[in-house]
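Residue-level structure breakdown
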Amino acid sequence: MSTAFYSHPDCRLHDMGAGHPECPARLDAISDHLLATGLDIALDFKDAPQATIEQIERAHTAHYVTEIADVLERLKAEGVMRALDPDTIAGPHTLAAALRAAGAAVAATDDVLAGRAKTAFCAVRPPGHHATRDEAMGFCFFNNVAIAARHALDVHGLARVAIIDFDVHHGNGTEDVIAGDERVLMCSFFQHPLYPYSGAVPKGTNMVNVPIAPYTRGPAVRETIESMWLPALDRFKPEMIFISAGFDAHREDDLGQMGLVEADYEWITKRLIDVAHRHAKGRIVSCLEGGYNLSALARSVAAHVRVLADMA
Ligand SMILES: [Zn+2]
């Protein structure tokens, strides 16, 4: 059984304008590097389907889904762009990309739970972890990981799933969706203070939030994971693990000031694989979130995927 790699050409068409860090070239950098390193032979490449409204509404309010779909449909029809906040710009291709991004996470979940793949990585954009139940923000429209986690719980009937978020920014949207849902344990670290300036006070008892000071490097982050995440995960015994895989805590990434390197992403992924083997039959679905230095992003994704594919 191999590792599924989900993406879709529509995810590349979503474009927030020249100079925006969350750019189509991110996906090109990732796929180019997978080919250059020969890692592609270990992966089962799949085209993401579009998520359905019913799937998206497991994480977002019906009012929000109707409203944002209406806005995005109009931009598509008129061929124009519109800023939903200063950082989050929608255009003619945003709806298709956002539906594919969420659809990738859902399809990857189906694959892993059906035994068609042992793990999966979704190389998708727009990212999702800042999208709250009823608001698009921080480059995010639909919360891909929260939608997939709810799909595993509500459709496949799992009792407990974990969401791990190692993006440099706090996954406020995911926290907003799943705080108080005791079927989910969310473990995250994030640079603090940094956008979106939340997370220091968790919104629910099912959150393990670890704010981290700027300029913190790998060894301290690993220690934090060993003392804060791993014991909580072993107590919770998740039946499946979802990862909000942002790579902007890399020391070469300008959107944060943390000091992780590829070896740290490899180490984190190995620890999560260990947890998955102890409790979750090895089942992991990982979705791309941030990561804006193209070279560091590509190298870090490769380090992460190599472990998911059991090649490290
Ligand atoms: Zn981020």
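Here's a quick rundown of the structure. The structure displayed is predicted, hence computed values, not measured ones.

Only Asp167 (OD), Asp167 (OD), His169 (ND1) and Asp248 (OD) from the protein reach the zinc ion as donors, at distances of 2.0 to 2.8 Å. For the zinc ion, the four donor atoms are set out with angles of 52 to 153 degrees between them, so the coordination reads as irregular. Sequence spacing among the residues donating to the zinc ion works out to D-x1-H-x78-D. Here His169, found in the loop between strand S6 (161-165) and helix H7 (172-178), pairs with Asp248, found in the loop between strand S9 (241-245) and helix H9 (262-279); they are 79 residues apart in sequence, far enough to count as distant. As far as burial versus exposure is concerned, His169 and Asp248 are alike and both buried.

Next up on the list: helix H8 (residues 218-236). For H8, built from 19 residues, the straight-helix expectation of 27 Å at 1.5 Å per residue is met to within 8% by its first-to-last C-alpha distance of 25 Å. The axis of H8 is deflected most strongly, by about 35 degrees, at Ile225. Those residues of H8 not exposed but buried are Gly218, Val221, Thr224, Ile225, Trp229, Leu230, Ala232, Leu233 and Phe236. Here the buried face of H8 lies against S6, strand S7 (184-191), strand S8 (207-212) and H9.

Once that is clear, we can look at the packing of helix H2 (residues 25-37) against helix H10 (residues 294-308). It is the contact of H2 with H10, at a shortest axis distance of 8 Å, that shows an interaxial angle of 55 degrees. In this view, H2 runs oblique relative to H10, as classed from their interaxial angle. Crossing geometry of H2 relative to H10 is assigned as right-handed. Across the interface between the two elements, Ala25, Arg26, Ala29, Ile30, His33, Leu34 and Thr37 from H2 touch Leu294, Leu297, Ala298, Arg299, Val301, Ala302 and Arg306 from H10. Tallied by class, residues from the contact of H2 with H10 come to nine nonpolar, two polar and three charged.

With that settled, consider the sheet that holds strand S5 (residues 119-122). In space, the eight strands of this open sheet follow the order S2-S1-S5-S10-S9-S6-S7-S8, with parallel pairing throughout. Each edge of the open sheet is held by one strand with a lone partner, namely strand S2 (43-47) and S8. Along the sheet, successive strands turn relative to each other by an average axial angle of 15 degrees, direction set aside. The sheet contact formed by S6 and S7 spans five bridges and is parallel. The residue bridging Ile163 from the neighbouring strand is Met186, located in S7. Helix-sheet contacts for H9 involve S6, S7, S9 and strand S10 (284-288), and the interaxial angle to S9 is about 165 degrees.

Look at the link from Arg125 to Pro126: it is a cis peptide, with omega at 5 degrees. Mapped onto the secondary structure, Pro126 falls in the loop between S5 and helix H6 (144-154). Tyr195 connects to Pro196 through a cis peptide bond whose omega is 0 degrees. Considering the arrangement of structural elements, one finds Pro196 in the loop between S7 and S8. In this model, Asp310 sits at a positive phi of 65 degrees, which is unusual for a non-glycine residue. With respect to the helices and strands, Asp310 occurs in the segment after H10.

The rules behind the values
- Each chain carries its own residue numbering, running from 1 in the written order of its sequence.
- Only residues with pLDDT of 70 or above have their local features reported here, since the model is predicted, and side-chain atom pairs are shown and tallied only from 80 upward, although totals for entire chains, interfaces and linings are computed over all residues.
- The side-chain numbers reported here are obtained from all heavy atoms of the structure, hydrogens and water having been left aside.
- The rule for donors is simple: an N, O or S atom within 2.8 Å of the metal counts, and for Na, K and Ca the reach is 3.2 Å. Water is not among the atoms, so a site may look short of donors.
- Donor angles set the geometry label: tetrahedral for four donors if every angle is between 85 and 135 degrees, square planar for four and octahedral for six if opposite donors exceed 155 degrees and the others are between 65 and 115, irregular for anything else.
- Helix and strand definitions follow DSSP, with helices as H or I runs of at least four residues and strands as E runs of at least two, each counted in order from the N terminus.
- Any residue under 20% of the maximum accessible area for its type is buried, any over 50% is exposed, and the rest in between are partly exposed; the area is computed with a 1.4 Å probe on protein chains only.
- Take the number of residues in a helix, subtract one, and multiply by 1.5 Å to get its expected span.
- By definition, a residue's bend is the angle between the axes fitted to the seven residues ending there and the seven starting there.
- The contact rule is simple, with two residues in contact once any of their heavy atoms fall within 4.5 Å.
- To obtain an axis, a line is fitted to C-alpha atoms, over the contacting stretch when the element is a helix, and the angle between two such axes runs from 0 to 180 degrees between their N-to-C directions.
- Working definition: roughly parallel below 35 degrees, roughly antiparallel above 145 degrees, roughly perpendicular at 65 to 115 degrees, and oblique for all remaining angles.
- With the far helix as reference, a near helix turned anticlockwise by less than a right angle produces a left-handed crossing, and one turned clockwise produces a right-handed crossing.
- For this classification, Asp, Glu, Lys and Arg are treated as charged, while Ala, Val, Leu, Ile, Met, Phe, Trp, Tyr, Cys and Pro are nonpolar and the rest, including Gly, are polar.
- A pair of strands counts as paired when DSSP detects no fewer than two bridges linking them.

Geometric values such as these leave the question of function open.
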